[in-house]
Each structure stands twice: as structure tokens, then as C-alpha cells.
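Coordinate inspection notes
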Amino acid sequence: MSRIGKLPIPVPEKVQIKLDSDTIVVKGPKGELSRSIPPMVSFKVENDEVIVEATSEVREARAMHGLGRSLVANMVEGVSAGFKRSMEIKGVGYKVEQVGKSSYLRFDLGYSHPIFYELPDGVSATIGRGNILTLESADKEVLGQASATIRSLRPPEPYKGKGIRYTDEVIVRKVGKAGGK
């Protein structure tokens, strides 16, 4: 039995969970998320808790047990509190700005042209001082994919540290040519 899967998921007061035969819908103050139920897993809502059970003891069922519990726990946390991801844009002339009130971001990253990125549905961006970009969403998967795509526009390089990096990421710096002598 999965150690993660057997933990019950506490449901806050403002969150509603609806179970259908093959989908689970979670509604809360930050939005509504739905997902198909993984195979070999069943869900029950009891006493403001969601309980996840594996339908058999085969290896795949145990894996889906923990996965199903983590997915639903992320949905509950997302619609109640939401998720944030902060990124820092570092480099001379590197900047980001929001284009009007639309969901487009314009990046100047040292290339000969600006890069426009359209934020996915449900993801909002705020730009703070010092080129700090903060992405917010109720869906953890969409937020992670959007932040990874933005980071891949100009990954941080190890010599000068220029590029887009997560604020909690540590870049191991390398010594340049003069350091070898």
C-alpha cells in the first residue's frame, strides 16, 4: 500500500468536491478544476476528507494510489490557496513586460528580436521590481509547464549567471578562462 496514498486529504470549508463515475471536480474560491480519475483507484468523501483507495494490490495499482492522492491534493490546494512560481530575469538589457492588458509577455533576452509568450488559460503574471516575474494559477501542472517554457527561452548560463531562473534555484558558477592560471 502506498504511504502517500493512504493519507486522507483534508477538504477546507469553501471547497466542494463532486465525484462522477470517471471524473472528479473540485470547486473553490480560486476556481474550478476537473480531472479524470486514474485507473485502479477509487475515491470517497467522508467527514470533510477525501479517502483514496487502490482497487487491487498489483504494482500499477499501488503507483496509481499515490498518484491519485497527490493529484487530488494538488487540486484541493490549488482551488483554495493557489500556487505561485517566481522567476528572476538576469542580464544586461534583459527584461520582461506585459503587453497591454492581454495575456502576452514580451521578453528582451539578448536576441536580435523580442520574444512574445502567450500565457495559458488560468495563469496570471505580475512583474515586480528587479525583473522578478511571478506566475500564479490554481492548476499546479499548467503553472509548472508555463514556468518551464519561460525558463527555456534563455536558461541560466554558468559563467555570468545570465538568463531566466527560478528565484529559489541555485546556479553553480564556473570559473572562466583567467581562473585556470
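The following paragraphs examine the structure supplied in this document. (Residues numbered from 1 in each chain as written. Predicted model: local features only at pLDDT ≥ 70, side-chain atom pairs only at ≥ 80, totals over all residues. Heavy atoms only, no water.)

1. Details of the overall build of the protein chain
Helix and strand counts for the protein chain come out as 2 helices and 13 strands. Judged by the C-alpha coordinates and their principal axes, the protein chain covers about 60 × 45 × 25 Å. Excluding contacts between residues fewer than 6 apart, the proportion of contacts in the protein chain whose partners are at least 24 apart in sequence is 49%. Working note: accessible area of the protein chain is about 11200 Å², and carbon and sulfur atoms make up 50% of it. Each charge class in the protein chain can be summarised by its mean position, and for the 28 positive and 22 negative side chains these summaries are 12 Å apart. (Helix = DSSP H or I, 4+ residues; strand = E, 2+ residues; numbered from the N terminus. Contact = heavy atoms within 4.5 Å. Areas by Shrake-Rupley, 256 points an atom, 1.4 Å probe, with all protein chains shown as cover. Lys, Arg positive; Asp, Glu negative; His and termini not counted. Charge placed at Lys NZ, Arg CZ, Asp CG, Glu CD.)

2. Describing the sheet that holds strand E3 (residues 23-28)
What the 3 strands build is an open sheet, ordered E2-E3-E4; its pairing is antiparallel. Two strands in the sheet have a free side with no partner beyond their single neighbour: strand E2 (16-19) and strand E4 (31-36). Averaged over all adjacent pairs, the angle separating strand axes in this sheet is 15 degrees, with direction ignored. Strand direction decides the pairing type here: E2 and E3, joined by 4 bridges, are antiparallel. Residue pairing for E3: Ile17 is matched across the bridge by Val26. (Pairing = 2+ DSSP bridges. Axes fitted to C-alpha atoms, helices over the stretch in contact; angles between N-to-C directions.)

3. So, the nonpolar core
Counting residues in each nonpolar core, the largest one holds 21 residues, and the members touching the most others are Phe107, Leu133, Leu135 and Ile150. Residue assignment for this core shows that the elements contributing at least two residues are strand E7 (83-90), strand E9 (104-108), strand E10 (115-118), strand E11 (123-128), strand E12 (132-137), helix H2 (140-151) and strand E13 (163-166). Sequence-distant contacts of Leu133, that is, excluding residues within four places in its chain, are made with Arg85, Ser86, Met87, Ile89, Leu105, Phe107, Ala125, Thr126, Ile127 and Ile150. (Core = buried A, V, L, I, M, F, W, Y, C linked by side-chain atoms within 4.5 Å. Buried < 20%, exposed > 50% of the residue type's maximum accessible area, 1.4 Å probe, protein only.)

4. Looking at helix H1 (residues 59-80)
An ideal rise of 1.5 Å per residue puts 32 Å on 22 residues; H1 measures up with 32 Å between its terminal C-alpha atoms. Ala61, His65, Gly66, Gly68, Arg69, Leu71, Val72, Ala73, Met75, Val76, Gly78 and Val79 are the residues of H1 that are buried. Following H1 by one or two positions, Gly82 adopts a phi angle in the positive range, close to 85 degrees. (Expected span 1.5 Å × (residues − 1).)

5. Some words on the pairing of E7
Two elements, E7 and E12, share 6 bridges in a ladder whose sense is antiparallel. Paired with Ser86 across the two strands is Thr134, which belongs to E12. In this structure, E7 lies alongside E13, joined through 4 bridges in antiparallel fashion. Directly across from Ile89, in E13, lies its bridge partner Ile164.

6. A closer look at a nonpolar patch on the surface
Taken together, the side chains of Val99, Tyr104 and Phe116 make up a nonpolar region of the molecular surface, amounting to roughly 270 Å² of accessible area. Counting through the fold element by element, Tyr104 comes out in strand E9. On the basis of relative accessibility, which here comes to 37%, the residue Tyr104 falls in the partly exposed class. (Patch = residues over 30% accessible without salt bridge, like charges linked within 9 Å, V, L, I, M, F, W, Y side chains within 5 Å. Salt bridge = Lys/Arg side-chain N within 4 Å of Asp/Glu carboxyl O.)

7. A closer look at the side chain of Ser147
Of note, Ser147 is situated in helix H2. When neighbours within four sequence positions are excluded, Ser147 is seen to be in contact with Arg85, Met87, Leu135 and Tyr166.

8. Examining the packing of aromatic side chains
Enumeration according to the criterion identifies 0 aromatic pairs in this entry. Between the NZ or CZ atom of Arg85 and the centre of the ring of Tyr166, over which it lies, the distance is 4.0 Å. (Phe/Tyr/Trp six-rings, centres within 6.5 Å; stacked < 30°, edge-to-face > 60°. Lys NZ or Arg CZ within 6 Å of the ring centre and 35° of its normal.)

9. Topic: the environment of Lys6
Along the chain, Lys6 turns up in the segment before strand E1 (9-10). Linking Lys6 and Leu109, residues 103 residues apart in sequence, is a C-alpha distance of 46 Å.

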